[in-house]
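A look at the structure
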Amino acid sequence: MPTVMHTPAPTPIQRKMDQAIELLERRFLERSELIRLLMLGMMSGENVLLVGPPGTAKSQLARGIAQLFGSEHWFEYLLTRFTTPDEIFGPVSLQQLKQDQYVRKTNGYLPSAQFVFLDEIFKANSAILNALLSILNERIYFNGREKETVPIQFLIAASNELPEEDEQLTALYDRFLIRYEVEYLKHASSYEKMLTLPTAPLPVVFSLYDVRDIQEAAAKVEISGPLVYFLFQLKQNLEEKEYQLSDRRWKKIANVWKTSAAIHGREQVTIWDTVFTPHLMWDVPEDLPVMRELFEQQFTEMLKAELENELPLRHFSQIADKWKGRESELHAFQFKKEVGAKLGKEALERNRHLLEESREQLTHAAQDLRNKLLEWLKREKDLQAYILEKNRLIHHVEKYTVKFAYLRIEGERILQQLQRTYRTVFDQDIPGTDYDYTR
């Protein structure tokens, strides 16, 4: 592990995302995680559903995202059970109707928009829902006999409540990969700032080419075998808890991972591209804690595997366990030698060889592990920058610094075990393994 870490300069798209996040955070308080998740959803082209009570700035946040691109391609609507298809998809063309063709004039309506916000989406009637299903999934609108490609780059929907048990609503709900529960502000400082928030329109930061470039790069990103297994194991762990996701959702989750890799200039997905996965899996907000727990357990194990080259804990643990299991046998041999007990030539030779092998392996492993732990401690001094280099969208960086600390603590435990075994067998300390466990 290198001692000095050189953080690469951000790319143009990363600078734009940093600017957009800063602009949005200035006016949307306690929404930092959501804003970052929206950035990821925007770049991946996935639909987002915001669930929460009225007055939590869901529609304002959606408008803010659109303003970052300019507002000329924006469509929004508050749906009720009385909303007609004409209001959403455009009026029927009377000229076409005279020719016995039922075609809507979609210009200026949802099928021609690139950014869409639909409030109270689950209150739409079946005529609207049927058309939305193909728009949300395939980006296709069936206009009479023709199939029109819908240019939507990003669609955000909001609802005060989750859909009731209904086949159409369930199918619609499944098309929202990213889901987030938006709550009222909780901190007193936020209420103080709320009174002086900026209200001017946000400046244009992105162009549509930025999104297309990322999506083209994401299409070329590869997912390694271990990450595919990570995805499958996550699926199995959820099913053991009686949670089930459609194959479509798992495929879209992998696409979001690839988008994250593309944003960070990688050609292959890493474990750091998966950090928002719990928000892509739940059906009801109450499931999120369970999803997080299952994901975090697997994430930690995968992180440990990825860092094996820098801190090969599995390797050192195997050596420590191997000689701890033979500690009594080796100690007994040492004792017999001291008291002059007679041993057969074959047994004497075998035990001498074993003793020398243990001395060599314990010494080498302990010295190597101690040096790697010291390098690891140097990394921990600038761990925040290291983590943000892996994924600059992470908000609670400290949650991940703790994971690195746990790995170090596990390494320290293994080093102590190696030292204890050596001391028991040889009645002395391993040279070159001094380590301050109190730091």
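Located above this text is the structure these notes cover.
As a starting point, this report considers the structure included with it.

Reading the values: rules and limits
- Along each chain, residue indices are assigned from 1 in the same order as the chain's sequence is written.
- Residue-level local features of this predicted model are given only where pLDDT is at least 70; pairs of side-chain atoms are given and counted only at 80 or more, and the full residue set underlies all totals for whole chains, interfaces and linings.
- The basis for every side-chain value is the complete set of non-hydrogen atoms in the structure, without hydrogens or water.
- The term nonpolar core refers to a set of buried residues drawn from Ala, Val, Leu, Ile, Met, Phe, Trp, Tyr and Cys, joined through side-chain atoms within 4.5 Å.
- With a 1.4 Å probe rolled over the protein chains alone, any residue whose accessible area is under 20% of its type maximum counts as buried; one over 50% counts as exposed, and the rest are partly exposed.
- Starting at the N terminus, helices and strands are each numbered in turn, a helix being any DSSP run of H or I of at least four residues and a strand any DSSP run of E of at least two.
- The contact criterion used is simple: two residues touch if any of their non-hydrogen atoms lie within 4.5 Å.
- For the purposes of these results, a polar contact is taken to be a pair of N or O atoms within 3.5 Å, where, inside protein, one atom must be able to donate a hydrogen and its partner to accept one; residues adjacent in sequence count only when each atom of the pair is a side-chain atom.
- Each Phe, Tyr or Trp ring, with Trp reduced to its six-membered ring, pairs with another whose centre is within 6.5 Å; inter-plane angles below 30 degrees give stacked pairs, above 60 give edge-to-face pairs, and intermediate values give tilted ones.
- Only Lys NZ and Arg CZ are tested; either one counts as a charge over a ring when it is within 6 Å of the ring centre and within 35 degrees of the ring normal.
- By definition, two strands form a pair when at least two bridges between them are found by DSSP.
- Helix axes are fitted to C-alpha atoms over the stretch in contact, other axes to C-alpha atoms as well, and angles between N-to-C directions run from 0 to 180 degrees.

Nonpolar side chains tend to gather and get buried jointly when the protein is soluble and globular. Core analysis: the largest hydrophobic core is formed by 133 residues, its most contacted members being Met39, Leu68, Leu110, Ile121 and Phe206. It is helix α17 (residues 397–426) that provides the largest number of residues to this core, a total of 10 residues. Setting aside residues up to four positions removed in sequence, Phe206 forms contacts with Ile13, Lys16, Met17, Ala20, Met39, Met42, Met43, Leu68 and Phe69.

As a further point, take the side chain of Ser190. Structurally, Ser190 is set in helix α8 (residues 188–194). Polar contacts involving the side chain of Ser190 include one to the side chain of Glu30, which spans 2.6 Å.

What follows is about the packing of aromatic side chains. Per the counting criterion, the structure on display carries 16 aromatic pairs. Centroid distance Phe230 to Phe295: 6.0 Å. Interplanar angle 85°. Geometry classified as edge-to-face. Placement of the pair is Phe230 in helix α10 (residues 225–240) and Phe295 in helix α12 (residues 288–306), with a sequence separation of 65 residues. The burial state of Phe230 is the same as that of Phe295; both residues are buried. Taking the ring centre of Tyr209 as reference, the NZ or CZ of Arg212 above it sits at 5.9 Å. Geometry around Tyr386 places Arg379 over its ring, the cationic atom sitting 4.1 Å from the centre.

In this section: the environment of Leu24. If you trace the backbone, Leu24 turns up in helix α1 (residues 12–27). Sequence separation between Leu24 and Arg36 is 12 residues; the distance between their C-alpha atoms is 9.8 Å. In contact with Leu24, not counting residues within four places along its chain, are Ile35, Met39, Leu61, Gly64, Ile65, Leu68 and Leu202.

Let us now look at the pairing of strand β4 (residues 140–143). Where burial is concerned, the two faces of β4 differ: the one with Tyr141 and Asn143 is buried and the one with Ile140 and Phe142 is not. Pairing of β4 with strand β5 (residues 146–149) involves 4 bridges; the strand directions are antiparallel. When the bridges of β5 are listed, Phe142 appears paired with Lys147. Following β4, the chain reverses through 2 residues before pairing antiparallel with β5; Gly144 in that reversal takes a positive phi of roughly 65°.

Attention now goes to the sheet that holds strand β6 (residues 154–159). Strands sit in the order β2-β3-β6-β1-β7 across an open sheet of 5 strands; the sheet is parallel. For this open sheet the edge positions go to β2 (74–78) and β7 (178–181), each flanked by a neighbour on one side alone. This sheet shows a mean twist of 15° between the axes of neighbouring strands, independent of strand direction. Bridge analysis of β2 against strand β3 (residues 115–119) gives 5 bridges, and the strand direction is parallel. Bridge pairing in β3 places Trp74 opposite Phe115.

This is a description of form; function is not addressed.
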